[in-house]
Amino acid sequence: MGYELNTEYWGQGYATEAAEAILKFGFEELGMHRIWSWCVSENLASIRVLEKIGMRREGHLREKELIKGRWYDNFLYAILEHEWKAN
């Protein structure tokens, strides 16, 4: 799962709303068992979104992503269908 928003719309709940819709579609329509995502470890807003929708941090991937000449760590998040249903 991934999302990206224009900075003009940050902090208005759109990423959370979109992420929740993606989970609903994945579990209810596609019959998925597990949905995962990752984010740059310094991106506190994305961490909050992923945790708010019930995803749990499963891993820390060191220097996984090269962005504009700098290596960034990523956090791996996931949620299982039965965890999503319990929410």
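Before going into details, it helps to say that this report is about the structure given with it. Everything quoted here is computed from the prediction, not taken from an experiment.

Remarks on helix α2 (residues 44-52)
Within the sequence span of α2, burial applies to Ser46, Ile47, Val49 and Leu50. Projection of α2 onto a plane perpendicular to its axis shows the buried side chains occupying an angular sector of 160°, all on one side. Seen from the open side of α2, the exposed residues pointing more than 90 degrees away from its buried face are Leu44, Arg48 and Lys52. Next to the buried residues of α2 lie α1 (14-29), β1 (34-40), β2 (56-67) and β3 (70-80).

As for the nonpolar core
Leu23, Phe27, Ile35, Cys39, Met55, Tyr77 and Ile79 are the most contacted members of the largest nonpolar core, which totals 15 residues. Every element with two or more residues in this core is listed here: α1, β1, α2 and β3. Of all the elements, α1 adds the most residues to this core, at four residues.

Re the side chain of Ser37
Along the chain, the position of Ser37 falls in strand β1. Ser37 sits in the buried class, given a relative accessible area of 2%. A distance of 2.8 Å separates a polar atom in the side chain of Ser37 from the backbone oxygen of Met1. If sequence neighbours within four positions are ignored, Ser37 has contacts with Met1, Leu50, Met55, Phe75, Leu76 and Tyr77.

Regarding the pairing of β2
In this sheet, β3 lies alongside β2 in antiparallel orientation, the contact comprising eight bridges. Residue His60 lies in a different strand from β3, and its bridge partner there is Phe75. Between β2 and the antiparallel strand that follows it, β3, lie two residues; Lys68 among them carries a positive phi value of about 50°.

Some details on a nonpolar patch on the surface
Taken together, Leu5, Tyr9, Trp10 and Tyr14 make up a surface patch of nonpolar side chains, about 430 Å² in accessible area. Position of Tyr14 relative to the elements: it lies in helix α1. Look at Tyr14 and you get partly exposed, because its relative accessible area is 40%.

Here's the deal with α1
Taking 1.5 Å per residue as the helical rise, α1 with its 16 residues ought to reach 22 Å, and the 21 Å between its terminal C-alpha atoms agrees with that figure. Every buried residue of α1 is listed here: Ala15, Thr16, Ala19, Leu23, Gly26 and Phe27. Buried residues of α1 fall within an arc of 100° about the axis and therefore sit on the same side. Along α1, exposed side chains directed more than 90 degrees from the buried face belong to Glu17 and Glu29. Buried residues along α1 sit against β1, α2, β3 and α3 (81-86). Taken from the residues just after α1, Gly31 is the one with a positive phi, measuring 65°.

Conventions we followed
Residues numbered from 1 in each chain as written. Predicted model: local features only at pLDDT ≥ 70, side-chain atom pairs only at ≥ 80, totals over all residues. Heavy atoms only, no water. Buried < 20%, exposed > 50% of the residue type's maximum accessible area, 1.4 Å probe, protein only. Helix = DSSP H or I, 4+ residues; strand = E, 2+ residues; numbered from the N terminus. Arc of directions from axis to C-beta. Contact = heavy atoms within 4.5 Å. Core = buried A, V, L, I, M, F, W, Y, C linked by side-chain atoms within 4.5 Å. Polar contact = N/O pair within 3.5 Å; in protein donor to acceptor, adjacent residues only side chain to side chain. Pairing = 2+ DSSP bridges. Patch = residues over 30% accessible without salt bridge, like charges linked within 9 Å, V, L, I, M, F, W, Y side chains within 5 Å. Areas by Shrake-Rupley, 256 points an atom, 1.4 Å probe, with all protein chains shown as cover. Salt bridge = Lys/Arg side-chain N within 4 Å of Asp/Glu carboxyl O. Expected span 1.5 Å × (residues − 1).

In short, shape yes, function no, at least from these values alone.
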